[in-house]
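Here's the letter readout for the chains.
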Amino acid sequence: MATKKAPSKAASKSAKTTKAAATKIAKKSAPSKAAASKKPNPKKAAPTRAKRAASGPSLSLHGIQPYESKKNEDYMSDKQKDHFREILMAWKGELMEEVDRTMSHMKDEAANFPDPADRATQEEEFSLELRTRDRERKLIKKIDSTLELIEHDDYGWCDQCGVEIGIRRLEARPTATLCIDCKTLDEIKEKLTTI
Ligand SMILES: [Zn+2]
């Protein structure tokens, strides 16, 4: 810890005293150092635990808790239909908000670029935005037709083979009209035709 080396024999006396002072300081600071190195360990473990708890499967459910079926409960009972209606409505609400937000944002921005070069970049940006909005609008339409399926008791069964699509798959993909097997088969067929 001594910062100075004794430059000569004459100075060795004063060097001794500074050395002594240095060790005193070192002794003093030692306990606080040890305490500092001990402290962060228990705190480090906490955030990972909290993170794991926060990231559940509820993200894809648009804020709605996963459905817990009761024993002997019929598939697509009224309660289950309510559950999926809720998910679809929440999802639709999110999409509509998103569409509104970008439309008003684009209106605000549109007038702000007198420079042609800036305008070109802006137009590129806008067309990308518009494509995204278009996708979202199509999705909203799909959600609407899915809600209609629920009303007509036609929701939750595979369009191709008639089997139950299943609660968990529908929670992950609320607009699904095919069971996982038919969907997989469809994707394989699609790949084969594009080769
Ligand atoms: Zn099927």
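As shown above, the structure is provided for reference.
Summarised in this report is the structure supplied together with it. (Residues numbered from 1 in each chain as written. Predicted model: local features only at pLDDT ≥ 70, side-chain atom pairs only at ≥ 80, totals over all residues. Heavy atoms only, no water.)

**As for the packing of helix H3 (residues 78–110) against helix H4 (residues 116–151)**
Thinking step 1. The geometry of H3 relative to H4 is characterised by a closest axis approach of 9 Å and an angle of 155° between their N-to-C directions. In terms of orientation, H3 and H4 fall into the roughly antiparallel class. Two packed elements cross with a definite hand, and for H3 against H4 that hand is left-handed.
Thinking step 2. Its residues assigned to classes, the contact of H3 with H4 comprises 17 nonpolar, three polar and 11 charged. (Axes fitted to C-alpha atoms, helices over the stretch in contact; angles between N-to-C directions. Helix = DSSP H or I, 4+ residues; strand = E, 2+ residues; numbered from the N terminus. Parallel < 35°, antiparallel > 145°, perpendicular 65-115°, else oblique. Left-handed = near helix turned anticlockwise from the far one by under 90°. Nonpolar A, V, L, I, M, F, W, Y, C, P; charged D, E, K, R; others polar.)

**A look at the coordination of the zinc ion**
Thinking step 1. Taken together, the protein ligands of the zinc ion are Cys-158 (SG), Cys-161 (SG), Cys-179 (SG) and Cys-182 (SG), with distances of 2.3 to 2.4 Å.
Thinking step 2. Coordination at the zinc ion is tetrahedral: its four donor atoms span angles of 105 to 114° at the metal.
Thinking step 3. All donors of the zinc ion belong to a single chain; written as a sequence motif, their spacing is C-x2-C-x17-C-x2-C. Note that Cys-158 is positioned in the loop between H4 and helix H5 (167–172) and Cys-179 in the loop between H5 and helix H6 (180–194), a separation of 21 residues in sequence. (Donors = N, O, S within 2.8 Å, 3.2 Å for Na, K, Ca; no water. Tetrahedral: all angles 85-135°; square planar, octahedral: opposite > 155°, others 65-115°.)

**Digging into the pattern of salt bridges**
Thinking step 1. Summed over the entire model, instances satisfying the criterion amount to 10 salt bridges.
Thinking step 2. Across the pair Glu-151 and Arg-85 runs a salt bridge whose closest N-O atoms are separated by 2.9 Å. With Glu-151 in helix H4 and Arg-85 in helix H3, this pair connects stretches of sequence that are 66 residues apart.
Thinking step 3. What makes Arg-85 partly exposed here is its relative accessible area of 26%.
Thinking step 4. Notably, a salt bridge pairs Arg-101 with Glu-98, separated by 2.7 Å at the nearest N-O pair. Placement of both Arg-101 and Glu-98 in helix H3 is noted, with a separation of three residues, approximately one turn of the helix.
Thinking step 5. With a relative accessible area of 27%, Glu-98 lands in the partly exposed category. (Salt bridge = Lys/Arg side-chain N within 4 Å of Asp/Glu carboxyl O. Buried < 20%, exposed > 50% of the residue type's maximum accessible area, 1.4 Å probe, protein only.)

**Some remarks on H3**
Thinking step 1. Taking 1.5 Å of rise per residue, the 33 residues of H3 would be expected to cover 48 Å, and the 48 Å separating its terminal C-alpha atoms lies within 8% of that figure.
Thinking step 2. Listed as buried for H3 are Gln-80, Lys-81, His-83, Phe-84, Ile-87, Leu-88, Trp-91, Lys-92, Leu-95, Val-99, Thr-102 and Met-106. (Expected span 1.5 Å × (residues − 1).)

**Things to note about the environment of Met-89**
Thinking step 1. The residue Met-89 is located in helix H3 in this model.
Thinking step 2. Through-space distance from the C-alpha of Met-89 to that of Ile-140 is 9.7 Å; in sequence the pair is 51 residues apart.

**Concerning the nonpolar core**
Thinking step 1. By size, the foremost hydrophobic cluster in this structure holds 23 residues, and its most contacted members are Phe-84 and Leu-170.
Thinking step 2. Taken together, the elements giving at least two residues each to this core come down to H3, H4 and H5.
Thinking step 3. Element by element, the count of residues in this core is highest for H3, at five residues.
Thinking step 4. For this core, the two domains that each supply at least three residues are domain 1 (76–153) and domain 2 (156–195).
Thinking step 5. The contacts of Phe-84, once residues within four sequence positions are left out, are Met-76, Ile-150, Tyr-155, Ile-167, Leu-170 and Glu-171. (Core = buried A, V, L, I, M, F, W, Y, C linked by side-chain atoms within 4.5 Å. Domains from an automatic or database assignment. Contact = heavy atoms within 4.5 Å.)

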